[in-house]
Every structure is written in structure tokens, then in C-alpha cells.
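Examination of the molecular architecture
So you can see what is in the structure, the chains are spelled out below.
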Amino acid sequence: MRIVVAKPGLDGHDRGAKVIARALRDGGHEVIYTGLRRTPAEIVRIVMDEDAAAVGLSTLSGAHAILIPRLCGGLREAGMTDVVVFAGGIIPEEDRPALFEEGVRAIFGPGTTTSEILDFLKTLDERAEAGEAIGVGEDPGWHWE
Amino acid sequence: MSETDELLIAAKNGDRRALSKLLTCLEEGEESPVPAGSGDSIGVTGPPGVGKSTLIGRMVDIWLARGESVAVLAVDPSSPRSGGALLGDRMRMMSADSSDSFFVRSLATRNHPGGLMDCLSPMVDCLAECGWSRILIETVGAGQAEIRVVAFAERILLVDGPDRGDVIQAEKAGIIELADLIAINKSDLPNAARAADSIRSALSVGELERNPEVLLVSAHDGSGIEQLVDAIDAVETTTGRERLRIRERLISAWDSTLLGADSFDEVMAALETGSMTLSEAVESIRKG
Ligand SMILES: Nc1nc2c(ncn2[C@@H]2O[C@H](COP(=O)(O)OP(=O)(O)OP(=O)(O)O)[C@@H](O)[C@H]2O)c(=O)[nH]1
């Protein structure tokens, strides 16, 4: 799968994003890492140019509450409703329902194992095969637990 | 009308997503909707860390300021173990990244340099057809695999650094013979001029009909970049270099045919058990 790993927001730490990027590569995926401090509009553009099937966001700063919905909206506006959005980092439990409602399909907290993320991606393939919703513009009923 | 024809029409009308989808179709091996060989590209290569990406970012800024549009095909190796790839080159081309006239597509080699053979040139053709005036093929590193990739470009820019090790690496890989133009980056650092001299003198003992120009540039302070951009337009390749490139392309095609042969796995198994010799294996694959 082609996956964009992005680091939105202003904080300057991308160790987490790089760890995820490497883990996905080792799992056989083609990963496009965007570098630090990307705006949602820039990330939408990168996902489009790279024709990526999924975008993983790494956030630490608490900016997720604004930036992730903005990215989801941007993808839908650009017609990329089939792109999968997932997130990793520190996202408090109480913020999660709103993000799932936006079409985010998984939120991985600190300490998530690589194999769990790879399992999630495998599940996406299976769901897509079965014609079930996974994209950011499709029915948000399902998300990874 | 085929899917690629439809995507091409939409892409020519400025639909960026259609362009991106079209490139995916080509990468997956679909036939190009554009006549082969209509596009023109510049290959950019050089040892890791010499500043290719930063330098390309600078050149892109100049081209954009001059009203051109730039598309970059950034090629990274796939991991031989997992088949996955980390395609991270974008991060350094920040300044240009949000312009409508700038497009970057990352490509993984999928473990064999020949693997890109069938799609790289069609991608260049389609980008040109859609109006992109500059098309770059960039690779990380300067090993044999990278040379095979840039050999698909019409002209080659070699970027080297001020360290002796960088120059030796480029020499070893045989990329200097293929380059139409050589930029020594990091001219803000002390040894750059000496590196340029050592490359010039290495070239002067060669038997090249027309030696490539060696320019000093700094992607950091911007010096020499305008001259480099102008030199790219003025550059003329030579029949000797053209022949070397064609040779690399032929080898890529050969590799790709070999790796894609129906009997490849069978022959591998026979080699492993020792029931076939190497020359019998080659013979068997050639017969199909
Ligand atoms: N002093 C100096 N440093 C530079 C210059 N250009 C780039 N660098 C630095 O060199 C390092 C490598 O630059 P990149 O652009 O990533 O190099 P690259 O050749 O694309 O590297 P790979 O992607 O590993 O092949 C970075 O730390 C840059 O900041 C320059 O003109 N002068």
C-alpha cells in the first residue's frame, strides 16, 4: 500500500513519525514521509500527487483537534473520499469520538506495536475487498479498536 | 476510450488528481496513451548527502520564478528484505512544495532497476504532454542501480560534494563518464574548489570528445545556481555519452526480462539444488 506519513502542526519532533514510517516500510509498504510542520492543505496535495491510499498522521502537540478534521475535510473537498486516514500520538480519549466521526479509521496511542498497525492495514485491504467503507468520505461507522 | 486516455484528457485540462492516477496506471504497467519518446527529462544523481534535494529545491525556485512548471520523479530503492520503501525526499524541497506548478511523485525501484524501465519513460512522456516544461528524474545515491535509472533521462546532471570520498564514489560508480554537466555543491565549504579541480583533471585524462562543464554551486547561500540552471539549457550531450546511456538502458531491459521470465523461479530452484549450471540456466531462460 502507498501511505503518506505526515507530521502536521508546529512541534519539531518527528521521531515518532519516523519510527512509524520505518515500521511500515519493513512491513512491505511504500511510505512517503512528508517532513515536519506540514499544513493540512500541503498534506492533501502530497496525498494527491503521490496517489496514496492512506495517510497516517503523527501528532504530539494537541493540535490534532483542529488539524485532523481540517485534513479530513480537505481530502473530501478534493474528491479523495476513498483515502484512509489514521492517526498516532497522544490523543486524549475524550477527543477520539469526534475524530472517528470525521472518518478517521484508527487512533494508535503511545506504545502501540508495529504489528498492530500492520494488522490494521491488512484489515483495510480485506474491508476494501468486501466493498466496506474505509475512506474518509465514506460511512464512518467502522473504526479499528 | 481507455481509462488512461480519459485520465490523460482530464490531466491535460489541469486535473491534478487525474495526472496522479495516470502515473499510477503507468507504474502498474498499463500502456501509455502518449507516443513513446515525446518527452524530455533531466536525470539528477550523486552520492548520498551531497545536497541534491536541497539543490533541486533551489533550481525549482528559479524555474518557477521564470514561469516554468516542474515535475520531479524521485526514485528510491525498495528494501530488499520487505519489498517496502521509504520515500522521504520531499521533505527537503519545502519552499516549492505548495505551488501549482510543482509536482513530485516518489517511485520505488521495487528491487530491480529494470523494474522502472517500462514506466519511467512513459511517465516523462505523459508529464510533457500535460504541459510540464521541466521534468527531472532524481535518485538517491550513485550506485549502479541509480545510474541505470538516470540513464533513462535525455541529459544527466551529476551533483557531487566537496569531500574526497564523494568524488571517489562517483568515479567508482562510473557516473562521471555519463554526466553531461557536473555541479560541485557546498561551495561555501573550504574544499569545494579543490574537489572541482580534481574532477576536472580526472576528466582531462579521459578520452571524452567533449568534457562536461564542472560548476561550483551552493544550495545554502544560492551562489552559482542561476548559472547552473542556464548551463542545463545550454548543455549538449555527446554521442559517446548517448551510447553509454543506451547501453545502461539495454542492460536494464535485459535485467527486467530476466527477472520477469516465466521460468525464473524454476531455474532458481534448479540452481539451488545444483541440478543446473549457471550457463544452462541462462540458456534455458533465453529459450523461454
Ligand atoms: N554547507 C552546505 N551544506 C549543504 C548545501 N546543500 C545541502 N547541504 C546540506 O547537506 C545535507 C544533505 O542535503 P540533502 O539535500 O538532503 O542531500 P541529498 O544529496 O539529497 O541526500 P540523499 O537524499 O541522502 O541523497 C543537508 O544537511 C543539507 O543542509 C550547501 O550548499 N552547503
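As a convention, each chain's residues are numbered from 1 in the sequence order in which they are written. Lettering for chains starts from A, numbering for ligands starts from 1, and both go in the order in which the items are written. Owing to the predicted nature of the model, reporting of local features is limited to residues with pLDDT of at least 70; listing and counting of side-chain atom pairs is limited to 80 or more, with chain, interface and lining totals taken over all residues. Only hydrogens and water are set aside when side-chain values are computed; all heavy atoms of the structure are taken into account.

Examining the domain arrangement of chain B
Residue and element names in this part refer to chain B. Short version of the rule: An automatic or database domain assignment provides the domain bounds reported here. Buried area: the accessible area, evaluated with a 1.4 Å probe, that two parts lose upon being put together, summed over both parts. Throughout this description, the term salt bridge denotes a Lys or Arg side-chain nitrogen within 4 Å of a carboxyl oxygen of Asp or Glu. Strands are runs of DSSP state E lasting at least two residues, helices are runs of H or I lasting at least four, and both sets are numbered from the N terminus onward. Only Asp, Glu, Lys and Arg are considered charged in this grouping, and only Ala, Val, Leu, Ile, Met, Phe, Trp, Tyr, Cys and Pro are considered nonpolar; every other residue, Gly among them, is considered polar.
When its domains are assigned, chain B resolves into domain 1 (1-33) and domain 2 (35-238). Here domain 1 and domain 2 share an interface that buries about 1,400 Å² over both sides, 62% of which is from carbon and sulfur atoms. Of all residues in domain 1, the largest losses of buried area upon contact with domain 2 belong to Arg-16, Leu-23 and Glu-27, amounting jointly to 47% of the total for that side. On inspection of domain 1 and its partner domain 2, the count reaches one salt bridge. Of the charged contacts in the structure, one is a salt bridge between Lys-12 and Glu-129, with a shortest N-O distance of 2.8 Å. Those elements giving two or more residues to the side of domain 1 that touches domain 2 turn out to be helix 1 (3-12) and helix 2 (16-27). Per-element tally for the side of domain 1 that touches domain 2: the top contributor is helix 2, with eight residues. Taken together, the residues of the side of domain 1 that touches domain 2 break down into seven nonpolar, three polar and three charged.

What to know about the sheet that holds strand 1 (residues 2-6) of chain A
This is how the line gets drawn: The pairing criterion is simple: DSSP has to find at least two bridges between the two strands. As a rule, the C-alpha atoms of each element are fitted with a line to give its axis, helices using only the stretch in contact, and angles between N-to-C directions run from 0 to 180 degrees. The criterion used for residue contact is that any of the two residues' heavy atoms lie within 4.5 Å.
Strand order in this open sheet of six strands is 5(A)-4(A)-3(A)-1(A)-2(A)-3(B), and the pairing throughout is parallel. The strands lining the two open edges of the sheet, one partner per strand, are strand 5 (104-108) of chain A together with strand 3 (85-87) of chain B. The average undirected angle you get between the axes of adjacent strands in this sheet is 20°. In this sheet, strand 3 (residues 54-59) of chain A lies alongside strand 1 of chain A in parallel orientation, the contact comprising four bridges. Paired with Val-4 of chain A across the two strands is Val-55 of chain A, which belongs to strand 3 of chain A. With respect to the sheet, helix 1 (residues 15-26) of chain A is in contact with strand 1, strand 2 (30-33), strand 3 and strand 4 (84-89) of chain A together with strand 3 of chain B, its orientation differing from that of strand 2 of chain A by roughly 160°.

Details of the nonpolar core
All names here are of chain B. Here is the rule: Here, nonpolar core refers to any group of buried Ala, Val, Leu, Ile, Met, Phe, Trp, Tyr and Cys residues whose side-chain atoms link them within 4.5 Å. Relative accessibility decides the category of a residue: with a 1.4 Å probe and only protein chains considered, values under 20% of the type maximum give buried, values over 50% give exposed, and everything between is partly exposed.
If you look at the biggest cluster of nonpolar residues, it comprises 30 residues, and the most contacted ones within it are Leu-73, Leu-120, Leu-127, Trp-132 and Ile-137. Those elements that place two or more of their residues in this core are helix 1, helix 2, strand 2 (70-76), strand 4 (102-108), helix 4 (117-129) and strand 5 (134-139). Sort the elements by how many residues they give to this core and helix 4 lands first, with seven residues. When we break this core down by domain, the ones giving at least three residues each are domain 1 (1-33) and domain 2 (35-238). In this structure, Trp-132 is in contact with Arg-16, Leu-19, Ser-69, Val-70, Ala-71, Asp-100, Ser-101, Phe-102, Phe-103 and Leu-127, ignoring residues within four places of it in sequence.

Quick notes on the interface of chain B and chain A
Contact residues are listed per partner, giving 29 residues for chain B and 26 residues for chain A. Buried area between chain B and chain A, summed over both chains or domains, comes out near 2,300 Å², and the portion from carbon and sulfur atoms is 45%. Connecting chain B to chain A are five salt bridges. The salt bridge partner of Arg-105 of chain B is Glu-50 of chain A, with a shortest N-O separation of 3.9 Å. Mapped onto the side of chain B that touches chain A, the elements with two or more residues apiece are helix 2, strand 3 and strand 4 of chain B. Residue composition of the side of chain B that touches chain A, grouped by class: nine nonpolar, 10 polar and 10 charged. One ladder, built from three bridges, connects strand 2 of chain A with strand 3 of chain B; its direction is parallel. Looking across to strand 3 of chain B, one finds that Glu-30 of chain A is bridged to Ala-85 of chain B.

Topic: the confidence of the model for chain A
In plain terms, the rule: The pLDDT value expresses, per residue, how confident the predictor is, ranging between 0 and 100.
When pLDDT is averaged across chain A, the result is 88; 96% of the residues are at 70 or more. Per-residue pLDDT, averaged within each element of chain A, yields its smallest value for helix 1 of chain A (84) and its largest for strand 5 of chain A (93).

Section: the sheet that holds strand 5 of chain B
Pairing between sheet strands relies on hydrogen bonds along the backbone, with the strands arranged either parallel or antiparallel. All names here are of chain B. Read across the sheet, seven strands follow the order 4-2-5-1-6-7-8 without closing on themselves; strand pairing throughout is parallel. Each edge of the open sheet is held by one strand with a lone partner, namely strand 4 and strand 8 (213-216). Adjacent strand axes in the sheet meet at a mean angle of 20°, parallel and antiparallel pairs treated alike. Pairing of strand 2 with strand 4 involves seven bridges; the strand directions are parallel. Residue pairing across strands places Val-70 opposite Phe-102, the latter belonging to strand 4.

Observations concerning unusual backbone geometry
At Asp-51 of chain A, a residue that is not glycine, the phi angle is positive and equals roughly 50°. Residue placement: Asp-51 of chain A occurs in the loop between helix 2 (40-50) and strand 3. When its relative accessible area of 15% is taken as the criterion, Asp-51 of chain A is described as buried. At Lys-186 of chain B, a position not held by glycine, the phi torsion is positive, near 65°. Looking at where Lys-186 of chain B falls in the secondary structure, it is placed in the loop between strand 7 (181-184) and helix 7 (192-204).

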